Amino acid sequence: MPPFPLTVRHSVVSALRAAGCVFAEDEARLLLATARTPDELAALVERRAAGLPLELVLGWAEFRGLRIAVEPGVFVPRRRTEFLVEQALAHAPAATVVVDLCCGSGAVGTALAAALGAVELHAADIDPAAVRCARRNIAEAGGQVHEGDLFEALPHDLRGRIDILAANVPYVPTGEVALLPAEARDHEPLVALDGGTDGLDVLRRVATQAPDWLAPGGCVLVETSERQAETAVDAFSGAGLRTTTAVSEELYAQVVIGVRP
């Protein structure tokens, strides 16, 4: 179909602005590029104006230059998490065994495989919807996705062999979930957001078990907030990991990295 007329483009931008979309022009461009008919465009605009996250309207999110499929009820990958991927690649540029724990859509594992080339890739999540979505994304990289609670979901033969363990754990304190933007609060699963009383319950569980699963010199990486970083470092160090932190002011990202000696 030829490009939509300029008048249609202006009306889409106006509708998005009226709905409170801060980046109305950019969003309009993506919606116009996605829609194949005027009726489809109208439906997309209506869903976005009603508050559905743009990525769920489109059916994909951009992550490190990749199009990651996303579905309703699945955590949408954040651009700040690209920093976690960068840190993983910096610490283990020759990794051959990669695990994406708390994988959601599988964006982190997919991006790591794209950068590293031929790797043994596994991902896991406790949420069946996330597992279904991740399988769409990770299949192209030849990876496997497992359903279950953290390390319980992983094949036992991975124990002691993992070079990169990327665990994008939930880290929002329970009492602050209600303060999240409506797009996250209303459309993403609570299990992907709520990290317990101080937000670090799942992180502590990962820290405790990670050393048994990492290869010598292997690294585990988690994203956290600035105010949680010191406690997260203590959890990693207490588990016997050599621990550092990395910060990206540009992406507002804080990553804690633990290396098995």
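Procedures and definitions
Residues numbered from 1 in each chain as written. Predicted model: local features only at pLDDT ≥ 70, side-chain atom pairs only at ≥ 80, totals over all residues. Heavy atoms only, no water. Core = buried A, V, L, I, M, F, W, Y, C linked by side-chain atoms within 4.5 Å. Buried < 20%, exposed > 50% of the residue type's maximum accessible area, 1.4 Å probe, protein only. Helix = DSSP H or I, 4+ residues; strand = E, 2+ residues; numbered from the N terminus. Contact = heavy atoms within 4.5 Å. Phe/Tyr/Trp six-rings, centres within 6.5 Å; stacked < 30°, edge-to-face > 60°. Lys NZ or Arg CZ within 6 Å of the ring centre and 35° of its normal. Axes fitted to C-alpha atoms, helices over the stretch in contact; angles between N-to-C directions. Parallel < 35°, antiparallel > 145°, perpendicular 65-115°, else oblique. Left-handed = near helix turned anticlockwise from the far one by under 90°. Nonpolar A, V, L, I, M, F, W, Y, C, P; charged D, E, K, R; others polar. Pairing = 2+ DSSP bridges. Polar contact = N/O pair within 3.5 Å; in protein donor to acceptor, adjacent residues only side chain to side chain.

**Here we look at the nonpolar core**
For step 1, the next point in the chain: Ranked by internal contacts, the top residues of the largest apolar core, which has 33 residues, are Val 98, Leu 112, Leu 116, Ile 164 and Leu 221.
For step 2, the next point in the chain: Sorting the residues of this core by element identifies α5 (82-91), α6 (107-116), β4 (120-125), α7 (128-138), β6 (162-167), β7 (214-224) and β9 (253-259) as the ones contributing at least two each.
For step 3, the next point in the chain: Among the elements that take part in this core, α6 stands out by supplying six residues, more than any other.
For step 4, the next point in the chain: In contact with Leu 112, not counting residues within four places along its chain, are Val 85, Ala 88, Leu 89, Val 98, Ile 164 and Ala 166.

**Describing the packing of aromatic side chains**
Two measures describe an aromatic ring pair: the distance that separates the ring centres and the angle between the ring planes.
For step 1, the next point in the chain: Inspection of every chain in the model, using the stated rule, returns one aromatic pair.
For step 2, the next point in the chain: For Arg 67, the ring lying beneath its charged end belongs to Trp 60, and the centroid distance is 3.8 Å.

**Here's the deal with the packing of helix α9 (residues 201-213) against helix α10 (residues 229-238)**
For step 1, the next point in the chain: Between α9 and α10, the least distance of the axes is 8 Å, while the angle of their chain directions is 25 degrees. Considered as vectors, α9 and α10 are oriented roughly parallel to each other. Once α9 is placed against α10, the crossing between them reads as right-handed. Here Leu 203, Arg 204 and Ala 207 of α9 lie close against α10, whose contacting residues are Thr 231, Ala 232, Ala 235 and Phe 236.
For step 2, the next point in the chain: The residue inventory of the contact of α9 with α10, partitioned by class, reads five nonpolar, one polar and one charged.

**So, the pairing of β7**
The side chains of a regular strand alternate, first on one face of the sheet and then on the other.
For step 1, the next point in the chain: Of all 11 residues that make up β7, nine are buried, and the element is covered over most of its length.
For step 2, the next point in the chain: Relative to β7, β6 runs parallel, the two being bridged by four bridges. Note that in β7 the partner of Leu 165 across the bridge is Val 220.
For step 3, the next point in the chain: Bridge count for β7 against β9 is six bridges, and the pairing is antiparallel. Looking at the pairing, Thr 224 lines up with Gln 254 of β9.

**A short note on α7**
For step 1, the next point in the chain: Among all positions of α7, only Ala 129, Ala 130, Val 131, Cys 133, Ala 134, Asn 137 and Ile 138 are buried.
For step 2, the next point in the chain: On the buried face of α7, the contacting elements are β2 (66-69), α6, β4 and β5 (144-147).
For step 3, the next point in the chain: For α7, the N-terminal capping position is held by Asp 127, with its side-chain oxygen 3.1 Å away from the main-chain nitrogen of Ala 129.

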